[in-house]
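Coordinates in review
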Amino acid sequence: MIQPFTPEPIRFVAEDGTPVQPLPERYTPEVLRDLHRLMLQAREFDRKLITLLRQGRTTFYAQSSGMEATQVGLARSIRVGHDWVWPYYRDHTLGLAMGVPMSELISQCLGTNSDSCRGRQMPHHFAAQRQNFVSISSSIASQVPPAAGNAMAQKYLGVDEITVCTFGDGATSEGDWHAGMNMAGAAQAPALFVCENNQWAISTSIREQTASETIHIKAKAYGMPGYYVDGNDIIAVMEVCGYAAEQVRSGQGPALVECLTYRVGSHSNADADAEKHYRTREEVDAWLARDPITRLENLLAHLGHPVTAEERAAMIAQTHREVDEQVLAAEATGQPDWRIMFEDVYADLPDHLRQQEAFLRAEQTGGRA
């Protein structure tokens, strides 16, 4: 049984890839290779999107490199399309692992006509209706209270869905986070809260923002169990998040999982050269040595099913080709027309907006209809 409030993060696989406790039978070489493929795809997606950013083809992006085990592991721990996910702005790997098509993420980042948001949401802030993946918001912890409300509604309706709410460590210093946690705890709502503790809230370290030794210990204040897991160990993430999700689903109230991981890239493109300003190169290098993809590769080698250099290179090349193809396809759909400003909001457009639309039409067309 998975125990709450452990003093050290729960781990199944050591950093060198050797198991530290027996692996559940379901982790066959085929399953582990599939997890590896998803993690490597997400890493290379990151790299390609940074290239698009530098080319000026999008304007904002927040990397998840280094956090793949946490996000892929969580995606494989819930019932995709049945449960509801309230994400935070670094969760594109979670979305990809849940089956959100790469084309949708790229279209949204580019803001083209193929974007379901039609270019009206800032880049890298997508939603996915089929996966019950709620729209990402930039406001820190703003997703936590509505996620708690969503879970309260699920309890009221008597469905076996749960609400999954993710956030970074910085969100736990916000009032919205505490309000949402308190709501869910008081209502005993079926909410699984997952802290992707990458240890930096932009330029503020975890040690500067809280006196608490860990994040998961805060669950005690809200009457729920808190689980502490090595977020770079994908098997540990799946076991802990899967266990917590089913406890929540069975009517035992909400739970908090803290996944200890690290973002090896910058906070976003607005925060380049992080090592020059608030963290050391030595710290980043130490976490690069704990890379979750390398750990899984080492485990596969230990089990006698190594990923060869040729296989790895082929997977990387395939992801690069797919991103390039999807970028060209999205750009071929063109940019949204100015008229979309007046669509999809009101069933009946108010008079003052009709006047503004007419004014803009005259301005754009030179008075032509």
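Rules of the game
Residues numbered from 1 in each chain as written. Predicted model: local features only at pLDDT ≥ 70, side-chain atom pairs only at ≥ 80, totals over all residues. Heavy atoms only, no water. Pairing = 2+ DSSP bridges. Helix = DSSP H or I, 4+ residues; strand = E, 2+ residues; numbered from the N terminus. Axes fitted to C-alpha atoms, helices over the stretch in contact; angles between N-to-C directions. Contact = heavy atoms within 4.5 Å. Core = buried A, V, L, I, M, F, W, Y, C linked by side-chain atoms within 4.5 Å. Buried < 20%, exposed > 50% of the residue type's maximum accessible area, 1.4 Å probe, protein only. Parallel < 35°, antiparallel > 145°, perpendicular 65-115°, else oblique. Left-handed = near helix turned anticlockwise from the far one by under 90°. Nonpolar A, V, L, I, M, F, W, Y, C, P; charged D, E, K, R; others polar. Polar contact = N/O pair within 3.5 Å; in protein donor to acceptor, adjacent residues only side chain to side chain. Expected span 1.5 Å × (residues − 1). Phe/Tyr/Trp six-rings, centres within 6.5 Å; stacked < 30°, edge-to-face > 60°. Lys NZ or Arg CZ within 6 Å of the ring centre and 35° of its normal.

A word on the sheet that holds strand β6 (residues 226–230). Taking strand neighbours across the sheet as the criterion, the 5 strands line up as β1-β2-β3-β7-β6 in an open arrangement whose pairing is parallel. With partners counted over all chains shown, the strands left at the sheet margins are β1 (84–86) and β6, one partner each. Along the sheet, successive strands turn relative to each other by an average axial angle of 20°, direction set aside. Where β6 and strand β7 (residues 255–260) come together, 5 bridges link them in parallel fashion. Within β7, the position partnered with Asp-230 by the bridge is Leu-260. The strands touched by helix α5 (residues 144–157) are β1, β2 (163–168) and β3 (191–197); relative to β2, the strand with the most contacts, the crossing angle is about 165°.

This next bit is on the nonpolar core. In this structure, Phe-45, Ile-234 and Val-257 are the most contacted members of the largest nonpolar core, which totals 69 residues. Of all hydrophobic cores here, the second largest spans 23 residues; its members include Cys-165, Ile-206, Ile-215 and Met-224.

For the pair helix α2 (residues 68–75) and helix α8 (residues 234–252), the least separation of the axes is 8 Å and the interaxial angle reads 40°. Taken as axis vectors, α2 and α8 run oblique relative to one another. For the pair α2 and α8, the sense of crossing is right-handed. Each of Ala-69, Thr-70, Val-72, Gly-73 and Leu-74 in α2 lies in contact with α8, whose residues at this interface are Ile-234, Val-237, Met-238 and Cys-241. When its residues are assigned to classes, the contact of α2 with α8 shows 7 nonpolar, 2 polar and no charged.

In this section: the side chain of His-124. When you line up the elements, His-124 lands in the loop between α4 (102–110) and α5. Judged by its relative accessible area of 2%, His-124 is buried. Among the polar contacts listed, one links the side chain of His-124 to the backbone oxygen of Tyr-89, at a separation of 3.3 Å. Apart from the residues lying within four places of it in its own chain, the contact partners of His-124 are Phe-60, Tyr-61, Ala-62, Tyr-89, Arg-90, His-92, Gln-108, Cys-109 and Ile-136.

Okay, α5 next. The end-to-end C-alpha distance of α5, which contains 14 residues, comes to 20 Å, matching closely the 20 Å that a straight helix rising 1.5 Å per residue would cover. Listed as buried for α5 are Val-144, Pro-145, Ala-147, Ala-148, Asn-150, Ala-151 and Gln-154. Positioned one or two residues after α5, Gly-158 has a phi angle of 75°, which is positive.

Glancing now at helix α1 (residues 29–54). Given 3.6 residues to a turn, an α-helix orients residues that are three or four positions apart in the same direction. Spanning 26 residues, α1 covers 38 Å between terminal C-alpha atoms, matching the ideal 38 Å at 1.5 Å per step. With its phi angle positive at about 80°, Gly-56 sits one or two positions after the end of α1.

Moving on to unusual backbone geometry. At Arg-118, a position not held by glycine, the phi torsion is positive, near 60°. Positionally, Arg-118 belongs in the loop between α4 and α5.

Turning our attention to the packing of aromatic side chains. A complete count under the given rule lists 8 aromatic pairs for this structure. Centroid distance Tyr-262 to Trp-287: 5.2 Å. Interplanar angle 5°. Geometry classified as stacked. Taken together, the residues Tyr-262 in the loop between β7 and α9 (274–277) and Trp-287 in helix α10 (residues 281–288) connect sequence positions 25 residues apart. Of the two residues examined, Tyr-262 and Trp-287, each falls in the buried class. Grouping aromatic residues by their ring pairs yields a cluster made of Phe-167, Trp-177 and Tyr-222. Sitting over the ring of Phe-5, Lys-220 keeps its end group 4.9 Å from the ring centre. Above the face of the Trp-287 ring, Arg-290 is positioned so that its terminal group lies 4.0 Å from the ring centre.

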